[in-house]
Amino acid sequence: MFIAMNRFQVKIGSEAAFENVWRSRESYLSNMAGFVEFHLLKGPVAEDHTLYSSHTVWVDKAAFEAWTKSEEFRRAHARADNKTGESLYLGHPKFEGFEVILSERKSSAAA
């Protein structure tokens, strides 16, 4: 299994616009072989930004890499803009990729 994460430092006051970009766009992830699940995470608030992370789970790194080279990836990211034209971020998103070494799940876990 492979987990791909992008960390976003969203400017204070831009959180609703950032979340709306994610809620209103077509991701095309479900079209991809090897895609397991997606989460958008909201983290702590700092003085000048709120931390967010996109979190996708793939069956393996190869499936994730196929996504990054796909037409679906290009279409999903072409629509990931802010309609006001002003940047919602401090800096650029930071990518982090992880190969899962160990996993544990409660069999009756709630979603």
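To start, this report covers the structure provided alongside it. (Residues numbered from 1 in each chain as written. Predicted model: local features only at pLDDT ≥ 70, side-chain atom pairs only at ≥ 80, totals over all residues. Heavy atoms only, no water.)

Quick word on the nonpolar core
- Core analysis: the biggest nonpolar cluster contains ten residues, these being Phe2, Ala4, Tyr28, Leu29, Met32, Trp58, Ala63, Phe64, Trp67 and Ala76.
- Elements with a minimum of two residues in this core: β1 (2-11) and α2 (61-68).
- With three residues, α2 is the single largest residue contributor to this core.
- Membership of the second largest hydrophobic core comes to seven residues, among which are Phe8, Val21, Trp22 and Leu88. (Core = buried A, V, L, I, M, F, W, Y, C linked by side-chain atoms within 4.5 Å. Buried < 20%, exposed > 50% of the residue type's maximum accessible area, 1.4 Å probe, protein only. Helix = DSSP H or I, 4+ residues; strand = E, 2+ residues; numbered from the N terminus.)

Some details on unusual backbone geometry
- Phi at tyrosine 28 is positive, roughly 65°, even though this residue is not glycine.
- With respect to the element layout, tyrosine 28 can be found in the loop between α1 (15-24) and β2 (35-45).

Regarding the sheet that holds strand β3 (residues 49-58)
- Taken together, the four strands give an open sheet; going across it, the order is β2-β3-β1-β4, and neighbouring strands pair in antiparallel fashion. Of all the strands in the sheet, just β2 and β4 (94-99) have a single pairing partner and so form its edges. In this sheet, neighbouring strand axes are inclined to one another by 20° on average, regardless of whether the strands run parallel or antiparallel.
- Taken together, the eight bridges between β2 and β3 define a ladder with antiparallel strand orientation. Considered in β3, the bridge of leucine 40 is made with serine 54. (Pairing = 2+ DSSP bridges. Axes fitted to C-alpha atoms, helices over the stretch in contact; angles between N-to-C directions.)

These results come straight from atomic positions and should not be treated as a statement about function.
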